[in-house]
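# Chains, contacts and geometry: an overview
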Amino acid sequence: MKLLLMSTSVGPLGSGLGGGVELTLLNIAIGLQKRDIKIDIVAPSGSKLNSIPIVQIPGELQTPAQTQERNIPIIMAGNSVLVNMWEYARKVQAEYDLILNFAYDWLPFYLTPFFHTSIAHLVSMGSLSETMDRIIGQIAAQFPGTIGVHTAIQAATFPFASQCKCLGSGLDLSLYEFCPQPENQLAWLGRISPEKGLEDAVAAAQITGIPLKIMGKIQDENYWQKICTNYPQAPVKYLGFLTTTQLQQELGKCKALLMTPRWVEAFGNVAIEALACGVPVISYRRGGPVSIIRDGETGFLVEPDSVDGLVNAIAHLDRIDRRSCRQQTEVEYSLEALGWRFENWFKSILAKS
C-alpha cells in the first residue's frame with residue numbers, strides 16, 4: 001500500500017501552529033511505516049518532521065477554524081497553500097492507493113468526488129462550522145466509511161456521528177521517560193488561545209501556590225498578555241514551544257497536567273503525553289479527555305470551567321499511582337496499535353472502492 005498524507009494548512013509541520021494535528025500526523029506516519037506501508041507527506045513550506053521527507057508547498061496559510069464563528073463564510077487567499085497542496089495531490093494521485101487528509105478545511109471535502117484515487121479524511125475537530133458540518137456530512141453519505149475521528153465524544157458533535165470511524169490516537173512511547181518522583185510543580189501544555197482556557201490553570205496555580213509550567217505556541221498574543229496582566233502574582237513560567245525531547249523532560253517532573261478546554265477537544269494528545277511520563281491528568285469533563293482519563297486512577301475529571309474543581313483535584317493527587325498512568329498508555333496508545341487501526345481502516349475503504 002502506498003499513501004499520500006496531506007497535512008494541515010494552518011502552519012508548517014514543526015511550527016506548533018497546527019496544534020495536536022502535527023503530533024498526530026507524525027505518529028500515524030511512523031506507525032504506518034512500521035507496518036511496511038509506503039508514505040509521502042505534503043505540507044506547507046518550512047515543515048520539518050524528524051527524518052521523514054516532506055513535499056514542501058508554498059502559499060498563504062489558512063486561518064484556524066477554531067478562531068472563527070460558526071456561520072462565517074469559507075475564505076481562501078489568492079495564493080492559498082491549501083489550494084496549491086491539493087493541486088499537487090491532483091497531479092500525482094495516480095501514484096497512490098489512497099490519500100489521507102488531515103486538514104479541517106472545506107476544500108479537500110469538496111474535491112473528494114472529483115478525484116479518481118480514494119480519499120480518507122481524519123477530522124481533527126468537533127463541530128465548529130455549519131458549512132463544514134454540511135460538506136463533511138455530504139462526503140460521509142456519498143463515501144461511507146471514509147470519515148475518521150478520534151473519539152465517540154467528538155463524533156457526537158456532528159449530525160452524521162453514526163457514519164464516523166473512531167480511531168483514537170497513539171505515541172512513540174520510547175520517546176517518553178517515566179518519572180516516578182515529581183517535583184512540586186504543575187504543567188499546562190497546548191496552543192495558547194482562548195478556547196484552551198489557560199487562565200483557569202493559572203488561577204488554580206495562584207490559589208494553590210504551586211508553580212505552573214506553561215508549554216506551547218502562543219497563537220493569540222493579546223490573550224496571553226491579558227492573562228499576564230490579570231494574574232501578575234501567579235507562580236507561572238512560560239517555557240515556549242518545545243521539542244518532544246525537551247517537553248517530556250519538563251513534563252515528567254510535574255505532579256499533574258492541567259487541561260482546561262472551553263471547547264470540545266477531539267482527543268487531547270497532551271493527555272497521553274503526560275500519562276506516558278507517569279503524570280496524572282486533571283481535566284474538565286468535556287471532550288476527548290473524558291475518553292482518555294480514568295477518573296480517580298490516572299487523573300481526575302472535574303466540572304467544566306470550575307477552578308475550584310481543579311484546586312480540589314490537585315489536593316488529592318497523592319491518590320494516583322503514577323505507574324498506572326504509564327501502563328495505560330502502553331496498553332491503549334502504542335504506535336503498533338495505532339498503525340493497526342489505521343491500516344484496517346484504509347483496507348476497508350479500498351475494499352469498498
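To be clear, the structure that these remarks concern was listed above.
Counting restarts for each chain: residues are numbered from 1 in the order of the written sequence. Given that this is a predicted model, residues contribute local features only at a pLDDT of at least 70 and side-chain atom pairs are listed and counted only at 80 or more, while totals for whole chains, interfaces and linings are drawn from all residues. Side-chain calculation: all heavy atoms of the structure are included, whereas hydrogens and water are not.

## Description of the overall build of the chain
- Across its full length, the chain carries 13 helices and 13 strands.
- Both definitions apply: the radius of gyration is a C-alpha atom measure, and the globule rule equals 2.2 Å times residues to the power 0.38. Relative to the compact-globule value of 20 Å for 353 residues, the chain shows a C-alpha radius of gyration of 20 Å, a close match.
- Dimensions of the chain along its principal axes, counting C-alpha atoms only, are 60 × 40 × 35 Å.
- Only protein chains enter the accessibility calculation, which uses a 1.4 Å probe. A residue is then buried if its area is under 20% of the maximum for its type, exposed if over 50%, and partly exposed in between. In the chain, which comprises 353 residues, the proportion classed as buried is 58%.
- We call two residues in contact whenever any of their non-hydrogen atoms come within 4.5 Å of each other. Sequence-distant contacts, at least 24 apart, represent 70% of the contacts inside the chain between residues at least 6 apart.
- When the accessible surface of the chain is summed, it comes to about 14500 Å², and 50% of that surface belongs to carbon and sulfur atoms. Secondary structure elements are defined from DSSP: runs of H or I of at least 4 residues count as helices, runs of E of at least 2 residues count as strands, and each element is numbered from the N terminus. Values of accessible area rely on a 1.4 Å probe in the Shrake-Rupley scheme; residue burial ignores everything except the protein chains shown.

## Remarks on the sheet that holds strand β8 (residues 186-189)
- Spatial strand order, β10-β9-β8-β11-β12-β13: 6 strands in an open sheet with parallel pairing. Two strands in the sheet have a free side with no partner beyond their single neighbour: β10 (236-240) and β13 (299-302). Taking each pair of neighbouring strands and ignoring which way they run, the sheet shows an average axis angle of 20°.
- Two strands pair when backbone bridges link them, and β8 and strand β9 (residues 212-215) are joined in this way by 4 bridges, in the parallel orientation. Residue pairing in the sheet places L189 in a bridge with M215 of β9.
- In this analysis an axis means a line fitted to C-alpha atoms, helices contributing only their contacting stretch, and an angle means the value between N-to-C directions, from 0 to 180 degrees. Strands β8, β9, β10, β11 (256-259) and β12 (281-284) of the sheet are contacted by helix α6 (residues 198-208), whose axis makes an angle of about 160° with β9.
- Sitting on the sheet, helix α11 (residues 307-314) is in contact with β8, β11, β12 and β13, with an inclination near 160° to β12. Two strands are counted as paired when DSSP detects at least two bridges linking them.

## Some words on helix α4 (residues 130-142)
- Multiplying 1.5 Å by the helix residue count minus one yields the expected span of that helix. When the terminal C-alpha atoms of α4 are compared, their 19 Å separation across 13 residues agrees well with the 18 Å that a helix rising 1.5 Å per residue should span.
- Regarding α4, the residues found buried are M132, D133, I135, I136, G137, I139 and A140.
- Against the buried residues of α4 lie α3 (106-111), β5 (118-122) and β6 (147-149).
- The opening residue of α4, the one whose side-chain oxygen lies 3.3 Å from the backbone nitrogen of T131, is S129. N or O atoms closer than or at 3.5 Å make up a polar contact, with two conditions inside protein: a donor-capable atom paired with an acceptor-capable one, and, for residues adjacent in sequence, both atoms drawn from side chains.

## Observations concerning unusual backbone geometry
- With a phi angle near 60°, D36 is a residue other than glycine that sits in the positive phi range.
- Mapped onto the fold, D36 is located in the loop between α1 (20-33) and β2 (38-44).
- The residue D305 is not glycine, and still its phi comes out positive at about 65°.
- Following the sequence through the fold, D305 ends up in the loop between β13 and α11.
- A relative accessible area of 40% means that D305 is categorised as partly exposed.

## Examining empty space enclosed by the protein
- Cavity and pocket criteria rest on a 1 Å grid covering protein atoms alone: a 1.4 Å probe that fits but cannot get out defines a cavity, protein on both sides within 12 Å along at least 5 of 7 lines defines an open pocket, and an atom within 4 Å of a point defines a lining residue. Grid points are joined across faces, edges and corners, and a volume is the space filled by probe spheres set on the points. For the structure on display, the rule yields 1 cavity of 30 Å³ or more.
- Considered as a void within the structure, the largest cavity measures approximately 30 Å³ in volume.
- Around the largest cavity, the lining residues are L23, L26, N27, L171, D172, L175, Y176 and T244.
- Top contributing element to the lining of the largest cavity by residue count: α1, with 3 residues.
- A class-by-class count of the residues in the lining of the largest cavity yields 5 nonpolar, 2 polar and 1 charged. Each residue is assigned to one class: nonpolar for Ala, Val, Leu, Ile, Met, Phe, Trp, Tyr, Cys and Pro, charged for Asp, Glu, Lys and Arg, and polar for all the others, Gly among them.

## Side note on the sheet that holds strand β4 (residues 98-101)
- Taken in spatial order, the 7 strands make up an open sheet running β3-β2-β1-β4-β5-β6-β7, and their pairing is parallel. Either end of the sheet is taken by a strand with one partner, and the two such strands are β3 (54-57) and β7 (165-166).
- Along the sheet face, α1 touches β1 (2-6), β2, β4 and β5 and points at about 165° away from the line of β2.

## What to know about the packing of aromatic side chains
- Here is the rule: rings of Phe, Tyr and Trp (six-membered ring for Trp) pair when centre to centre is within 6.5 Å. Planes less than 30 degrees apart are stacked, more than 60 are edge-to-face, and the remainder are tilted. Applying the stated criterion across every chain, the model contains 9 aromatic pairs.
- Ring centres 4.8 Å apart and planes at 15° place the aromatic pair W106 and Y110 in the stacked group. Taken together, the residues W106 and Y110, both in helix α3 and 4 residues apart, mark about one turn of the helix.
- Taking relative accessible area as the criterion, W106 reaches 24% and is therefore assigned partly exposed.
- Through a chain of ring-to-ring contacts, three or more aromatic side chains come together here, namely W106, Y110 and F114.
- The side chain of K2 reaches across the aromatic face of Y96, ending 5.0 Å from its centre. Geometrically, a charge over a ring is one whose NZ (Lys) or CZ (Arg) sits within 6 Å of the ring centre while staying within 35 degrees of the ring normal.

## Examining the pairing of β5
- Counting buried positions along β5 gives 5 out of 5 residues, so the element sits mostly inside the fold.
- Here β5 shows a buried face lined by S118, A120 and L122 and a second buried face lined by I119 and H121.
- In this sheet, β5 lies alongside β4 in parallel orientation, the contact comprising 4 bridges. Bridge pairing in β5 places N101 opposite H121.
- Inspection of the sheet shows β5 paired to β6 by 2 bridges, in the parallel sense. Residue pairing across strands places H121 opposite I147, the latter belonging to β6.
- Here the term right-handed applies to a crossover when the path leading from its first strand over the helix to its second strand runs clockwise, the strands being oriented away from the viewer. At this point the chain moves from β5, through α4, to the parallel β6, and the crossover so formed is right-handed.

## A few points about the layout of surface pockets
- In this structure, the second largest pocket encloses a volume near 180 Å³.
- Taken together, 13 residues make up the lining of the second largest pocket; nearest its centre are S118, F143, T146, I349 and S353.
- Counting residues per element, the ones that place at least two in the lining of the second largest pocket are β5 and α13 (335-352).

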